[in-house]
Amino acid sequence: MNNVTYNLKYLTIIEPLGFLYGSAGRFLSPENLVGRSGAKFPPSSTTLSGVFAANLNDDERKKLCVAGPFWGKTERVHEEQNFYVPTPLNYLVKNGQIQHKLHWDDQKKGWYDEEGNEPADKFDKSTWIPINQWDNPTTVESPPWRFTPHLHPRLAQDQRRVYIEDEDTPAEDKKGSLFLENAVEMSPDTCLVYLSSQALESGWYRFGGEGHMVEITCIELNHYLQNLLKQPIENQLALITPAVWGSNRLSYRYPVHNQKEKSITPTQQTSDTEYVWNTKTIFTSRAHPFRYRFGNHEDPTRPKLLSRGRYAVPAGTVYVLEDSLSQSWLEWDESWFPREGVSFKRWGCGLALPIKSLQTSG
């Protein structure tokens, strides 16, 4: 296996030119117009990877790495390179404020707040903190987008009504006459942000499905971000992008050493699986579906290949490890990541930053 060294050097800024598309992987039809459960936004790094791949040559494509998604306030992103990343899940947020920063207690084997209590209140979900406050966040933001469903009817050519196919229509020509698009409207002066190893020429591109257009600009990372990404991770870390761990067939909550496919089940993992990390504990939530389409280079005219469905550990997940890694994410071995054609590290899988503010007692 070729161990490619990725280097995230650019900030890719995506400014919507109108609506964006907010669905992924769920089927909508005239019989099922309540598919909001399939709403997904912002687009994953695999989506942006497709835009890059279509505009890079083979050598550049082999070195491509894209990580995200994040978002920011456009003016501040351009001027200060400050954008928002998912809040670590052990930071409990209520009414837009961080109420508690939980730490792992080795003796009690649990997560406790600053006063040694276990908070039992309800707290906000899906919040974001500014990257320039990573070591000591004091500001919390909610996502700046909202879903706006759009119904696209296919009208009859001679009447203002939905087209109804007759019995003589060949099966290969039959189409649905209604389509519900989960369009997404972002707040003015906000943008999507990704990290990338390559730069795209500034311009307008199709992005995220349904032909929606965006303006993409790439700028070099400033010293603060470069140094933050290169900070060695010791024994406490938080994911800022979703992580798919495991073999090509199974999804795990921890990275495993890449191995040949075996007929194993998760219940056999203790005997057949070699974890990369010796983990004390993990603070996480429900796994997210992870899937992408990949170009068919042998025959570009044929439909793109749909990957095997996987589950990703969500961004914000916090790991406490027994041993220090002493490596930044950029230095992590590519064999820790699944590989389907290319390594999942190419998509910024499990991009993590060290947490220094946690107090670990015991």
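Below: a short report on this structure. (Residues numbered from 1 in each chain as written. Predicted model: local features only at pLDDT ≥ 70, side-chain atom pairs only at ≥ 80, totals over all residues. Heavy atoms only, no water.)

**Considerations on the packing of aromatic side chains**
Then, number 1: Enumeration over the complete set of coordinates arrives at 23 aromatic pairs.
Then, number 2: Measuring from ring centre to ring centre gives 6.2 Å for Trp128 and Trp145, while their planes differ by 80 degrees; the resulting arrangement is edge-to-face. Of this pair, Trp128 sits in strand β9 (residues 128-130) while Trp145 sits in strand β10 (residues 145-153), and the two are 17 residues apart along the sequence. The residues Trp128 and Trp145 share a single accessibility class, namely buried.
Then, number 3: Ring plane angle 80 degrees and centroid distance 5.2 Å describe the contact between Trp277 and Tyr319, whose orientation is recorded as edge-to-face. Within this pair, whereas Trp277 is found in the loop between α5 (269-272) and β16 (279-283), its partner Tyr319 is found in strand β21 (residues 318-321), the two being separated by 42 residues in sequence.
Then, number 4: Counting every residue linked through ring pairs, the aromatic cluster contains Trp245, Tyr252, Tyr254, Tyr275, Trp277, Tyr319, Trp329, Trp332, Trp336 and Phe337.
Then, number 5: Over the ring of Tyr112 we find Lys108; its NZ or CZ atom is 5.0 Å from the centre of that ring.
Then, number 6: The residue whose ring lies beneath Lys345 is Trp329, and the NZ or CZ to ring-centre distance is 5.1 Å. (Phe/Tyr/Trp six-rings, centres within 6.5 Å; stacked < 30°, edge-to-face > 60°. Helix = DSSP H or I, 4+ residues; strand = E, 2+ residues; numbered from the N terminus. Buried < 20%, exposed > 50% of the residue type's maximum accessible area, 1.4 Å probe, protein only. Lys NZ or Arg CZ within 6 Å of the ring centre and 35° of its normal.)

**Brief notes about the sheet that holds strand β2 (residues 20-21)**
Then, number 1: Spatially, three strands are ordered β2-β11-β10 in an open sheet, and the strand pairing comes out antiparallel. Strand pairing shows two members of the sheet lacking a second neighbour, β2 and β10, which therefore form its edges.
Then, number 2: Pairing of β10 with strand β11 (residues 178-186) involves nine bridges; the strand directions are antiparallel. Looking across to β11, one finds that Arg146 is bridged to Glu185. (Pairing = 2+ DSSP bridges.)

**Quick look at the sheet that holds strand β15 (residues 236-239)**
Then, number 1: What the four strands build is an open sheet, ordered β16-β21-β15-β24; its pairing is antiparallel. At either margin of the open sheet sits one strand with a lone partner, and together these are β16 and β24 (352-354). Strand-to-strand twist in this sheet, taken as the mean axis angle between neighbours without regard to direction, amounts to 25 degrees.
Then, number 2: Where β16 and β21 come together, four bridges link them in antiparallel fashion. (Axes fitted to C-alpha atoms, helices over the stretch in contact; angles between N-to-C directions.)

**Thoughts on helix α4 (residues 223-230)**
Then, number 1: All buried positions along α4 are accounted for by Leu225, Leu228 and Leu229. The buried residues of α4 occupy an angular sector of 95 degrees when the element is viewed end-on, so they sit on one face.
Then, number 2: Elements in contact with the buried residues of α4: β12 (190-196) and β24.
Then, number 3: The N-cap residue of α4 is Asn222: its side-chain oxygen and the backbone nitrogen of Tyr224 are 3.3 Å apart. (Arc of directions from axis to C-beta. Contact = heavy atoms within 4.5 Å. Polar contact = N/O pair within 3.5 Å; in protein donor to acceptor, adjacent residues only side chain to side chain.)

**Here's the deal with the pattern of salt bridges**
Pairing between side chains becomes possible if they bear opposite charge and their charged atoms approach one another.
Then, number 1: Enumeration over the complete set of coordinates arrives at eight salt bridges.
Then, number 2: For Asp106, the salt bridge is made with Lys280, and the minimal N-O distance between the two is 2.8 Å. Of this pair, Asp106 sits in the loop between β7 (103-105) and β8 (110-112) while Lys280 sits in strand β16, and the two are 174 residues apart along the sequence. (Salt bridge = Lys/Arg side-chain N within 4 Å of Asp/Glu carboxyl O.)

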